[in-house]
Amino acid sequence: MSEVKLAAAVRTEFGKGAARKIRRAAAVPAVLYGHGTDPVHLTLPAHETTLALRTPNVLLALDIEGKGSELAIPKAAQRDPLKGSLEHVDLLLVKRGEKVTVEIVVETEGDLAPGAFLVENVLNTLSVEAEATHIPESVTVSIEGLSAGDSIQAKDIALPKGTSLVTDPEAVVIQILAAQAEEPAAESAEGDEAAAEA
């Protein structure tokens, strides 16, 4: 997994007015917490942080002004509902070698058996435990040759080395359905009108 370095400054002003001022200065307010320590309020560079958060479960190497370097993973990001810009980020403090529980994206590959079938992603993510510095971004599942009635459970998915499943092993992640033929509703409606006119 990738490690992204970000310069961070400790925040001393709080509240909506202070947060707006930070965002106007092309920065984003953040809170770093974990390991039983007091939360540390930070400002991060907005552009670099936005780019870093495009990678799921990215490991952030924070160079905190006056406090040295810390490792963190994003736990929550609040975005402006209209602009989509970052409003605030919650970060979890982690140590090298430490295990953390995160959500990873489930991706599919391969072609279904011939016929009219649909793939239903019952779960889009899996909850897994992994070393903080080796969190997988996603897991890929083959749907090659599957047909209606087939399903893939969480326990059937091969996880990367050093990653263990937290999601219920019996949980259905993907199931294959038969495509429903649509009723020719438009034609029957026209026929009803013709009959009514006659």
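Residues numbered from 1 in each chain as written. Predicted model: local features only at pLDDT ≥ 70, side-chain atom pairs only at ≥ 80, totals over all residues. Heavy atoms only, no water.

Draft legend 1. Fine view of the sheet that holds strand β1 (residues 3-10). One closed barrel holds the six strands; their spatial order is β1-β3-β2-β6-β5-β4, and the pairing between them is mixed. Taken pair by pair, the neighbouring strands of this sheet meet at an average axis angle of 45 degrees, ignoring direction. Inspection of the sheet shows β1 paired to strand β4 (residues 59-64) by six bridges, in the parallel sense. By the bridge assignment for β4, Leu 6 is matched with Leu 62. (Pairing = 2+ DSSP bridges. Helix = DSSP H or I, 4+ residues; strand = E, 2+ residues; numbered from the N terminus. Axes fitted to C-alpha atoms, helices over the stretch in contact; angles between N-to-C directions.)

Draft legend 2. Expanded view of the nonpolar core. Counting residues in each nonpolar core, the largest one holds 24 residues, and the members touching the most others are Leu 126 and Ile 174. It is strand β7 (residues 99-109) that contributes the most residues to this core, four residues altogether. The contact partners of Ile 174, leaving out residues within four places of it in the chain, are Val 106, Thr 108, Val 119, Glu 120, Asn 121, Val 141, Ile 143, Asp 150, Ser 151 and Ile 152. Membership of the second largest hydrophobic core comes to 19 residues, among which are Leu 44, Val 58, Ile 64 and Leu 93. (Core = buried A, V, L, I, M, F, W, Y, C linked by side-chain atoms within 4.5 Å. Buried < 20%, exposed > 50% of the residue type's maximum accessible area, 1.4 Å probe, protein only. Contact = heavy atoms within 4.5 Å.)

Draft legend 3. View of the side chain of Thr 167. Relative to the helices and strands, Thr 167 resides in the loop between β12 (164-165) and β13 (172-178). Within polar-contact distance, the side chain of Thr 167 engages the backbone nitrogen of Ser 127 at 2.7 Å. Those residues in contact with Thr 167 that lie beyond four places of it in its chain are Leu 123, Leu 126, Ser 127 and Ala 154. (Polar contact = N/O pair within 3.5 Å; in protein donor to acceptor, adjacent residues only side chain to side chain.)

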